[in-house]
Amino acid sequence: MMIEKKEAGANLTDAEKNLRDYMDLVWRKKLLVFEVFILIFGIVAAYVFTSKPVYNSVSTLRIADNLTQDPEIKGKESSDLVFQRYIETEVGTIRSRHLAEQLIDKMNLLVSPDFFPPEQAYIKWIHAEIAALFASQPRDENSRKEIGQLKKENEAIKAVAKRLSVRQLTKTNLMEVSMEAYSPELAKDLLTNYLDIYLAGKIERKRKESLDLLGWLKDEISKVQADLMQSELALVKFVSEHGIVLSEDGGLSEVSELVKRKKEGLNKSQELQARLQALKEGQKSSGINARPEISDDEMLKKLKNDLASLETEDAVVRGVYSSNYPKSVVLKQKIDVLQKKIEVIQQQAVNSAFDSAKKEEQLLKSAVKGAQEEALRIGNLGAQFAVLKKDFDTNRTLYDLLLKELKETHVRTRAFHTHVQVIDPPNLGLDPVRPKRGMLLIAGMILGLLSGVAAVMVTEMKQQSSHVAKSMEREFQLTNLGSVPDIGKLRKLHNIDTGIGYEFLAYEQPNSPLADSIRNIHSSILFSSGNGAVKTMVVSSATAGEGKTFIAVSLSTMLTCNNSKRVLLVDADLRKPSIRDVFRPSYSDVGLTSLLTSESSKVDDIILGSRVPGLFYMTAGPQVRDHVSLLLTDRFSEVVAELVTRFDFIVFDAPPVLAFPETRILARTTDGVLLVVREGCVNRSECHSAAETLCNVEGGRVLGVILNRVSPKSAPYRYGGYYYSDRYPSRQFH
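What comes next is a walk through the structure. These numbers were taken from a predicted model, which means no experiment stands behind them.

**Concerning the packing of helix H16 (residues 513-528) against helix H17 (residues 548-559)**
Then, number 1: The interhelical angle for the contact between H16 and H17, taken along N-to-C directions, is 80 degrees, at an axis separation of 9 Å. Overall, the two elements H16 and H17 adopt an arrangement that is roughly perpendicular. Only Phe550, Ser554, Leu555, Met558 and Leu559 of H17 make contact with H16, whose side of the interface consists of Leu514, Ala515, Ile518, Arg519, Ile521, His522 and Ile525.
Then, number 2: Here the residues of the contact of H16 with H17 are counted per class, giving nine nonpolar, two polar and one charged.

Structural data, given as C-alpha cells:
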C-alpha cells in the first residue's frame, strides 16, 4: 500500500521528535537507569557519611597603606605595580616550604594524631609498602630510616601546603589566610602558630637586614673618613708650602689689582712721554705755560713774573711814546733776553721730564711683567688648590651622608615594624567546610541520574539504527522488514567460510544466520505488499557505504527460490557501478546505458547469466554524461515494461537517496523502494530525511526499512550459537 506520514509525527519539530525518542528509550531502560542511579548515589552517600569532617580557621592580614613611601621602594616604579608585586611576594612567602618546616618542628606535627589520623596513616603505610616492593631500597638500616624520615617530613610539608590557603581580597589591601584541620581547635592553633612564625620571620629578616646595613655603613664610613683625612692633610700641606692666603676667589684678587694699577701707571707715563716729545720737537701751540707742571721751578716763576712786569711797562710806554723811544727800545731788549732765558729753562725742563718719563716707563713695564708672571704662578697654584679642595669637599659630603644614614638606620633598628598587620586573628570555625553533605548528596543524585542515562545511551549505541528504524516506522509508517547480521563479526563468531565473497554467502550456505535473515526480509516483502504483488523493487540507502549492493545481491539470490523464479539484478547506480565487480563477467562492455542510448540494442544482448541458477544481471554499461536524463526518457519505461514480462522479479541497485535523484526517479517506475540502514553508520536526521524524501515522491512507494550489519550479539542473533552449528553445509555451484 502507499505509505503516508503519520499526522501526529508531522506536527512535531525535529527537536521534539528527538526528545520523544530519548524519553522513550530511557523509559524502556528505566531499570538500568535505576540500578546505575542506586550504585552512584550509594557510593557518594558512603563517602559523605564516612568522611571525617574538615574545619577551617580564617585570619585577615592588612598591607600598610604607606608601602610606597618606604625609602627602599619609593620612586622606583608606579605605586600600583609596587603594591601588586609586594602582595604576590607575600603570598609566595606565606606558602613557602620554610614556614611549613618551622610549623612542623614547633608543633611536632610528625607525631600528632590530630594532624595525621590513624586511618590516614594506615593508608599511607600501605602505599609506602606497595611502593617499596617496586623501588630499590638501600641495604643499610640507618639509610632506610633516614629515607623514611625524609619521606615523612615531605608528606607533612605537603599536607600543610594542601591545608593552607592564601588569597588577596579583590580591590583591597587585605589578604585572607586560612588553615584546615580535622578539629576546629587544631585549625586555629595551626594558623595562629603559622602567622606568628611568618610575622616573626619578617621582623627577624628586617633586623638582620638593618644589622647588615649598619655593618656596611660603618665600614664605608671608616674608609671615607680615612680618605677625608688624607685629602685634608694634602690641602693643608699645599697651602703652607706655597704660602697661599685663602680667599673666596682662590687668592688671585690682590694680584689682579696690582697688575691693573701697574698697567694704568704705564699708560699715564706713555701719554706724558708723548706730550713731552711734542714739546721737544717745538710744538708749542699752547704757549710757554702749556705745561704748568713743568713751570713749578721758582727761578722760572720769577723770570716769568719779571717778563710780565716788563711787558706791562712796555705796553704803558708804547701807549705814550713811539716804538723808537729809548726807554721802549731798552724794555724791548730786556723782554727778549728774558724770553730766551725762559725758553732755555723750559727746554731743559722738558728734556729732563722726558728722560724721567722714559725711565718710569721702563720701571712700569718691568713691574707689569713681574705682576703677570706672579699672576700666572698664582693661577697654577690656584688650579692645584681647587683640585685638592674639591677632593676634600667630596669626601666631606660623602662622609656626612653616610653618617646621616648611619643615624637613621640606628633609629630604624630600634623601632622594628612590618608592612603586614593582623587585623582579624584566627577564628574558631565550628562548622565543617568539607564534606558539604547536602551539596554532595544532591550532586550524587544528579550524577547518578546522568550516569544512568549515559549507561542507557552506551548500551543502545550499537542498536542506534534499530531505534532509528522504529522511529521511522512510528513517524512515516515504514515497515521494518528485517535485519542482516554483521558478516565480519559473524564469520569470527561461527567460523564461516567466505571463499566466494559475502554477496553469495546467503545462497552458498543456506543454513547460516545470513541466509535466514535474507529469507526473513523476502517474506516480509511478500507479506507486506497489500496492494498487489511486488515484482520490481529498488534497493537504496540514505548515504554511501551502508551495504545496499550487498543486500541487493543477497536478496536476488533468495528471490530465485532455488531456480523456481527468474530474477534480474540491474545496476542502476550509473555514477559508481559495482555489480560488474561482484559478478566479474569475462566479457560484455554493454549494459543499461547501452539499452537507453541505442534503440538498436536488444535486451538479450545485455542480460548476463550468473553462477546462481535463475539469477541474471545487467551491468551499468558505458559511462554517460547525463545519468538523470536517461532515466526520465520513455525508452527507460519501455525497457522496464519489457523486462517485467520476462522476469518474475527485477531488483535495481540504485545510488544513495540524499546524494542523487536517481532513486526518486526509479521509485516512480517500480513497485517500491527498499531503504537500507547500516547500524551505527548514519544518524537519525539522515535516515528521516531519506524517508521523507522518498515518501514525498508522487507515485512512489517505500516497501520498508532493512537494518544491515547488526551485531550478532543483539536480540535477533543472541541465540545463534544454539540454533546454528559451527559448520554450515555449502551449496555447490554448477
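**Some points on the packing of helix H5 (residues 97-107) against helix H8 (residues 184-242)**
Then, number 1: Direction vectors running N to C along H5 and H8 enclose 120 degrees, while the axes themselves pass 10 Å from each other. In terms of orientation, H5 lies oblique with respect to H8. In the packing of H5 onto H8, the handedness of the crossing is right-handed. Between H5 and H8, the contacting residues are Leu99, Ala100, Gln102, Leu103, Lys106 and Met107 on the first element and Leu186, Asp189, Leu190, Asn193, Tyr194, Asp196, Ile197 and Tyr198 on the second.
Then, number 2: Looking at the contact of H5 with H8 residue by residue, the classes come out as nine nonpolar, two polar and three charged.

**Digging into the sheet that holds strand S1 (residues 55-63)**
Then, number 1: Reading across from one edge, S2-S3-S1-S4 is the order of the four strands in this open sheet, with antiparallel pairing throughout. Strand pairing shows two members of the sheet lacking a second neighbour, strand S2 (164-168) and strand S4 (420-424), which therefore form its edges. In this sheet, adjacent strand axes meet at a mean angle of 30 degrees when their direction is disregarded.
Then, number 2: Alignment of S2 against strand S3 (residues 174-181), held across five bridges, turns out to be antiparallel. Looking at S3, one finds that Val166 is bridged to Val177.

**Observations regarding the nonpolar core**
Then, number 1: Membership of the largest hydrophobic core comes to 45 residues, with the highest contact counts inside it found for Met472, Leu478, Leu568, Met618, Leu643 and Phe652.
Then, number 2: In this view, Leu568 contacts Ile607, Phe616, Tyr617, Met618, Leu643, Phe647, Phe649, Ile650 and Val651; residues no more than four positions away in its chain are not counted.
Then, number 3: Core analysis: the second largest hydrophobic core is formed by 37 residues, Val539, Ile551, Val553 and Val676 among them.

**A word on the packing of aromatic side chains**
Then, number 1: For the structure shown, the criterion picks out five aromatic pairs.
Then, number 2: An aromatic cluster is present here, built from Phe504, Phe583 and Tyr617 joined pairwise through their rings.
Then, number 3: A cation over an aromatic ring shows up here: Lys30 above the ring of Trp27, its NZ or CZ 4.4 Å from the ring centre.
Then, number 4: Of note, Arg611 hangs over the ring of Phe504, and the distance from its end group to the ring centre comes to 4.9 Å.

**Observations concerning a nonpolar patch on the surface**
Then, number 1: Together, Leu31, Phe34 and Ile38 line one region of the surface with nonpolar side chains, adding up to about 320 Å² of accessible area.
Then, number 2: As for its placement among the helices and strands, Phe34 is situated in helix H3 (residues 30-50).

What counts and what doesn't
- Residues numbered from 1 in each chain as written.
- Predicted model: local features only at pLDDT ≥ 70, side-chain atom pairs only at ≥ 80, totals over all residues.
- Heavy atoms only, no water.
- Axes fitted to C-alpha atoms, helices over the stretch in contact; angles between N-to-C directions.
- Helix = DSSP H or I, 4+ residues; strand = E, 2+ residues; numbered from the N terminus.
- Parallel < 35°, antiparallel > 145°, perpendicular 65-115°, else oblique.
- Contact = heavy atoms within 4.5 Å.
- Nonpolar A, V, L, I, M, F, W, Y, C, P; charged D, E, K, R; others polar.
- Left-handed = near helix turned anticlockwise from the far one by under 90°.
- Pairing = 2+ DSSP bridges.
- Core = buried A, V, L, I, M, F, W, Y, C linked by side-chain atoms within 4.5 Å.
- Buried < 20%, exposed > 50% of the residue type's maximum accessible area, 1.4 Å probe, protein only.
- Phe/Tyr/Trp six-rings, centres within 6.5 Å; stacked < 30°, edge-to-face > 60°.
- Lys NZ or Arg CZ within 6 Å of the ring centre and 35° of its normal.
- Patch = residues over 30% accessible without salt bridge, like charges linked within 9 Å, V, L, I, M, F, W, Y side chains within 5 Å.
- Areas by Shrake-Rupley, 256 points an atom, 1.4 Å probe, with all protein chains shown as cover.
- Salt bridge = Lys/Arg side-chain N within 4 Å of Asp/Glu carboxyl O.

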